[in-house]
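# Observations on the model geometry
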Amino acid sequence: MITMDDIIREGNPILRTVAEEVPLPPSEEDKATLKEMLEFLKNSQDDEIAAKYNLRAGIGLAAPQIGLKKRMIALYLTDEKDKLHEYALFNPKIVSHSVEETYLESGEGCLSVDRDVPGYVPRFSRVKVSAIDINNKPVVLKLRGLPAIAIQHEIDHLNGIMFYDRINKEDPYKVPEKATTER
Ligand SMILES: OCN(O)CCCc1ccccc1
Ligand code: NI
């Protein structure tokens, strides 16, 4: 199982590389890895398992965070309407997005960043993402709210971008002009 020992921390150059597309159909090994990434998220949100293995709770994970320069991400979270968003995706791509921006009022964190970095992280309010699922089926996701924020955070990891790269350097709490607040 994936534990915090497997999570690459900032300073490791892997987090600053552009990950490679996964050749399709995905190999058994890549499918097993993607399943393990999703399993990690579920474990990290299970109080007992998280305490037993000292896991930090995460709603998303990108393959570079476990040292793999491959375009694979997993998401496991519920949105404000209590809908579960459980995704294990190969080669995700934002195909369109709103002009409108949003940001988490609490700011963002990252399993690869062992420190608080305060400030608003501007994200597109709504995104349309195309990807290949674990069964090699094409999927198109239209997301808003926390799921939209989370998938943008993960796709950023595939492009070597950390959440704090997007915080306004002069004024971290400057509200992005096209923004609505995500609480
Ligand atoms: O890359 C995933 N990860 O570091 C876990 C935290 C993910 C995350 C945290 C806040 C807002 C969006 C996404
Ligand atoms: Ni992260």
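Residues numbered from 1 in each chain as written. Chains lettered and ligands numbered in written order. Predicted model: local features only at pLDDT ≥ 70, side-chain atom pairs only at ≥ 80, totals over all residues. Heavy atoms only, no water.

Selection criterion: UniProt positions are given in the numbering used here, feature names are shortened, and annotations may be inferred rather than shown by experiment.
An unreviewed UniProt entry annotates the protein as Peptide deformylase originating from Pullulanibacillus pueri. What UniProt states about the protein under its Sequence similarities (unreviewed entry) heading is, verbatim, "Belongs to the polypeptide deformylase family."

## Examining the overall build of the protein
Note the following rule: By the criteria applied, helices consist of DSSP H or I runs no shorter than four residues and strands consist of E runs no shorter than two, each listed in order from the N terminus. Radius of gyration here uses only the C-alpha atoms, and the compact-globule reference equals 2.2 Å multiplied by the residue count raised to the power 0.38. We call a residue buried when its accessible area falls under 20% of the maximum for its residue type, exposed when it is over 50%, and partly exposed in between, using a 1.4 Å probe and counting protein chains only. When checking whether two residues touch, look at their non-hydrogen atoms; a contact exists if any pair is within 4.5 Å. The protein chains shown are the only cover counted for residues, whose accessible areas, like all others here, come from Shrake-Rupley with a 1.4 Å probe. Two residue types count as positive, namely Lys and Arg, and two as negative, namely Asp and Glu; His and chain ends fall outside the count. Every charge is mapped onto a representative atom, which is NZ of Lys, CZ of Arg, CG of Asp or CD of Glu.
Along its length, the protein carries 3 helices and 8 strands. Over its C-alpha trace the protein gives a radius of gyration of 16 Å, about what one expects of a compact globule, namely 16 Å for 183 residues. Evaluated residue by residue, the protein yields a buried proportion of 49% over its 183 residues. Taking contacts inside the protein between residues at least 6 apart in sequence as the whole, the part at least 24 apart equals 72%. When the accessible area of the protein is evaluated, it comes to approximately 9,500 Å², of which 50% is carbon and sulfur surface. With 25 positive and 31 negative side-chain charges, the protein shows a spacing of 6 Å between the two charge centroids.

## What about the UniProt feature "binding site: Fe cation" (unreviewed entry) in the protein?
Let me state the cut-off plainly: Buried and open spaces are told apart on a 1 Å grid over the protein atoms alone, a cavity being a set of points where a 1.4 Å probe fits but cannot get out and a pocket being an open set with protein on both sides within 12 Å along at least five of seven lines. Residues with an atom within 4 Å of a point are the lining residues.
Under the UniProt annotation, the feature "binding site: Fe cation" (unreviewed entry) is placed at Cys110, His153 and His157. What stands out for the annotated residues spanning 48 residues is how close their C-alpha atoms remain, the widest pair being 10.2 Å apart. Those annotated residues that line the largest pocket are Cys110 and His153. Residue placement: Cys110 occurs in the loop between strand E4 (101–104) and strand E5 (123–124). Exposure remark for Cys110: the relative accessible area of 4% places this residue in the buried category. Setting aside its immediate chain neighbours within four residues, Cys110 contacts Arg56, Gln65, His153, His157, Met162 and Phe163. In this fold, His153 is placed in helix H3 (residues 145–158). Residue classification places His153 among the buried residues on the basis of a relative accessible area of 9%.

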